Amino acid sequence: MALFNLPNDAFSNVNLNSIGSDYAQQFGHDISLLVAKQTRAAIFDSSPQQFYDLALMNAKSPKSWNSDEFFYKEMGYQRQPLTASNTAVAVTWPTTQTFPIQSLTNIATDTIIAYPNGSLGNVTAINTATSEITVTPMTNSTLPAVALGDIFANISSVEADGVDGFAQYFRADTIERNGYIQLFSKAIHYGAVELYKLQKGAVNADFLSMESQNMMRQHKIDLSNAFWMGRKGEITTAAGDRAKMTDGVFTMMQNAGSPNATTTSATLVDAFEDMVLSSEYGNYGEVRFAYMTPRIANELRKAYTDQLIRYTPENQSIAKLHLNEIQLGSSRIVIVPFQRFQSQADFYPGFENRIVILDHNTIDTYEMWGAMSGTTPDRSQGFAKSYKDMWVACQMGVAMNNPMSSAYIDLTF
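On a predicted model such as this, the values are computed, not experimentally measured, just so you know. (Residues numbered from 1 in each chain as written. Predicted model: local features only at pLDDT ≥ 70, side-chain atom pairs only at ≥ 80, totals over all residues. Heavy atoms only, no water.)

Okay, a nonpolar patch on the surface next. A surface patch of nonpolar side chains, about 250 Å² in accessible area, is lined by L120, M138 and I155. Topologically, L120 is positioned in strand β7 (residues 120-127). Taking the relative accessible area as the measure of exposure, L120 reaches 31% and is therefore partly exposed. (Patch = residues over 30% accessible without salt bridge, like charges linked within 9 Å, V, L, I, M, F, W, Y side chains within 5 Å. Areas by Shrake-Rupley, 256 points an atom, 1.4 Å probe, with all protein chains shown as cover. Salt bridge = Lys/Arg side-chain N within 4 Å of Asp/Glu carboxyl O. Helix = DSSP H or I, 4+ residues; strand = E, 2+ residues; numbered from the N terminus. Buried < 20%, exposed > 50% of the residue type's maximum accessible area, 1.4 Å probe, protein only.)

Printed below as a string of structure tokens:
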């Protein structure tokens, strides 16, 4: 029994603090075993939640593959301009003009070409030994002088009546690309007693489910980061094994020389429209997605306030993302606020001030047997293991058929 007179701090609220009390630690008061530490039963998840890229990527089912290396062919535009590799003087019909060009693979006789000033002439002879073409002017017309580096457009074939054969013969060229399928896995390891205590006596009732959900989220982050910044190649693991790595879309865009620009916030709209129009390789009205941080998305929305409309795709899972689109030229551009671009834990410097316009129609993912998850067996199931691993594993390879239909903009502030 304790006898005391009021007031007495030893028996007041200032010293009736639970174990771990921040108040007691900060202000020099006591703790007491008479009160329990009050902890909110639910854990708030404060990690970034935006995975628009995976949602949009998964709108197309992954291609099932029978190997961890895949090959795919790309057929380009099949039409290239001609570039002069020397000079030539101006001529008047019927005099012809002869000059060398950088490549003969994109030209045949009886092809109308356009000069930089708009004059037209017909290629009437090709000298494969000297890489020269001979051009005949239109009747009673002239051809201008040719300068080194002049660009000539390939207009059309031309044919006279009653001829034998055809004006031009055509064969398509294809480019073969390849990629690797990368293996991904992640797990939580619990000892048998550790797991029992967390199941039966955890302060936070949802701790195990939250931890499992966060492991899955970290796995999704792995896939998302590799989707953007992966680099095709081989890596050595901690165990000394060799593993394949997949390419990422931004890596492929950089390697292919996708349209890109550097601009300031003052000229953001002009640069954005320029990149959209410079990368229009798809069908009329095709939808592409512009990823950027919410801060940049807000600036862009202000410029297109009167033009924004709700993006309504056929895929209902994408429709739930509540995205807006802008119609520019023959393209529909969907603005995708992507908070993770500013996460230094995920993206290397530069992405926080970057807009990446992706043509998802040209992007495919590859997998072998797909995603799996589960729990490893323990002693209760007849295995000599006093622990459980809760795990998830999958495979992903990324292919990009035409990186030129995607673009990016770097902002400087």
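Right, picking up where we left off after that structure.
Let us look at the packing of helix α6 (residues 268-278) against helix α7 (residues 294-303). Two quantities define a packed helix pair, namely the angle between the axes and the distance from one axis to the other. The contact between α6 and α7 brings their axes to 10 Å, and the two run at 90 degrees. By the angle between their directions, the pair α6 and α7 is classed as roughly perpendicular. Across from L268, V269 and F272 in α6, the residues of α7 making contact are I296, E299, L300 and A303. In terms of residue class, the contact of α6 with α7 is built from six nonpolar, no polar and one charged. (Axes fitted to C-alpha atoms, helices over the stretch in contact; angles between N-to-C directions. Parallel < 35°, antiparallel > 145°, perpendicular 65-115°, else oblique. Contact = heavy atoms within 4.5 Å. Nonpolar A, V, L, I, M, F, W, Y, C, P; charged D, E, K, R; others polar.)

All right, on to the sheet that holds strand β5 (residues 97-100) then. Ordered in space as β3-β10-β6-β7-β8-β5, the six strands form an open sheet in which the pairing is antiparallel. What marks the edges here is a single partner per strand, and that holds for β3 (82-83) and β5. (Pairing = 2+ DSSP bridges.)

Listing the buried residues of α6 in full gives L268, A271, F272, M275 and V276. Around the axis of α6, the buried residues are gathered within 135 degrees of arc, so they sit on the same side. (Arc of directions from axis to C-beta.)

Another aspect to go through is unusual backbone geometry. Between W93 and the following residue, P94, the backbone shows a cis peptide bond with an omega angle of 10 degrees. In this model, D110 sits at a positive phi of 60 degrees, which is unusual for a non-glycine residue. Structurally, D110 is set in the loop between β5 and β6 (111-114). A relative accessible area of 29% means that D110 is categorised as partly exposed. Located in the positive-phi region is N140, a residue other than glycine, with phi close to 60 degrees. Mapped onto the secondary structure, N140 falls in the loop between β8 (132-137) and β9 (142-143). Since its relative accessible area comes to 66%, N140 is described here as exposed.

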